Structure formats: structure tokens, C-alpha cells
Amino acid sequence: MAYKINDNCVSCGSCEGECPVGAISEGDGKYEINADTCIECGACAAACPTSSIEL
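Residues numbered from 1 in each chain as written. Predicted model: local features only at pLDDT ≥ 70, side-chain atom pairs only at ≥ 80, totals over all residues. Heavy atoms only, no water.

Let's talk about the state of the cysteines
Applicable threshold: When the sulfur atoms of two cysteines come within 2.5 Å, that pair is taken as a disulfide. Between buried and exposed lies partly exposed: a residue is buried under 20% and exposed over 50% of the maximum accessible area for its type, with that area taken using a 1.4 Å probe on protein chains only.
Applying the stated criterion across every chain yields a total of zero disulfides. Among the cysteines around cysteine 19, which has no disulfide bond, cysteine 41 carries the closest sulfur, lying 6.1 Å off. On the basis of relative accessible area, cysteine 19 is assigned to the buried category, the value being 16%. Take cysteine 48: it sits in no disulfide, and the sulfur closest to it among the cysteines is that of cysteine 12, at 6.1 Å.

Describing the environment of proline 20
For the record, the criterion: Helix and strand assignments come from DSSP, with helices taken as H or I runs of at least 4 residues and strands as E runs of at least 2, each series counted from the N terminus. Contact between two residues is taken to exist if any of their heavy atoms lie within 4.5 Å; hydrogens are not considered.
When you line up the elements, proline 20 lands in the loop between β1 (4-5) and β2 (24-26). Along the sequence, proline 20 and isoleucine 39 sit 19 residues apart, while their C-alpha atoms lie 8.8 Å from each other. The residues touching proline 20, leaving out its near neighbours within four places in the chain, are Ile39 and Cys41.

Considerations on the side chain of asparagine 6
Operational definition: In protein, a polar contact requires one atom able to donate a hydrogen and another able to accept it; more generally it is a pair of N or O atoms within 3.5 Å, and residues adjacent in sequence count only if both atoms are side-chain atoms.
With respect to the secondary-structure elements, asparagine 6 resides in the loop between β1 and β2. Since its relative accessible area comes to 16%, asparagine 6 is described here as buried. Polar contacts involving the side chain of asparagine 6 include one to the side chain of glutamate 54, which spans 3.5 Å. Those residues within four positions of asparagine 6 in sequence are excluded, and the remaining contacts are Lys30, Ser51, Ser52 and Glu54.

Quick word on the environment of glutamate 16
Along the chain, glutamate 16 falls in the loop between β1 and β2. Taking the relative accessible area as the measure of exposure, glutamate 16 reaches 36% and is therefore partly exposed. For the pair glutamate 16 and cysteine 48, spaced 32 residues apart in sequence, the C-alpha separation works out to 9.6 Å. Excluding anything up to four places from it in sequence, glutamate 16 contacts Ile24, Ser25 and Tyr31.

Treat this as a map of the structure, not an account of what it does.
What follows is the structure, encoded as C-alpha cells:
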């Protein structure tokens with residue numbers, strides 16, 4: 001199961017640079033994780049200052 005970004009995202013971009021496979025991109029109002037690319041490493045969740053990323 002891939003990580004996902006909830007509505008608490010403030011679009012700071014902290015997560016995007018931490019993803020080793022480039023699965024995160026800026027979406028409409030918040031960042032989004034491509035579930036097909038995500039390898040479930042958790043690097044993005046650790047980098048998120050608002051705890052907006054969850055499995």
C-alpha cells in the first residue's frame with residue numbers, strides 16, 4: 001500500500017525532495033504521491049512537518 005498525502009498538506013514541498021524514486025509531485029492545492037511509483041520507504045513521511053503523509 002502506497003503512502004498518501006492528506007488534506008493537512010500545506011504544500012511546503014519538504015517531501016518531494018526526499019522521495020528516492022520521484023513519486024511525489026505538486027498537485028492541485030497539495031502534493032500528491034503516485035501510488036504506482038511509491039516504494040513505501042517512508043522518507044516523505046519523516047520529512048513532513050505537518051504529519052500529512054500516511055500509509
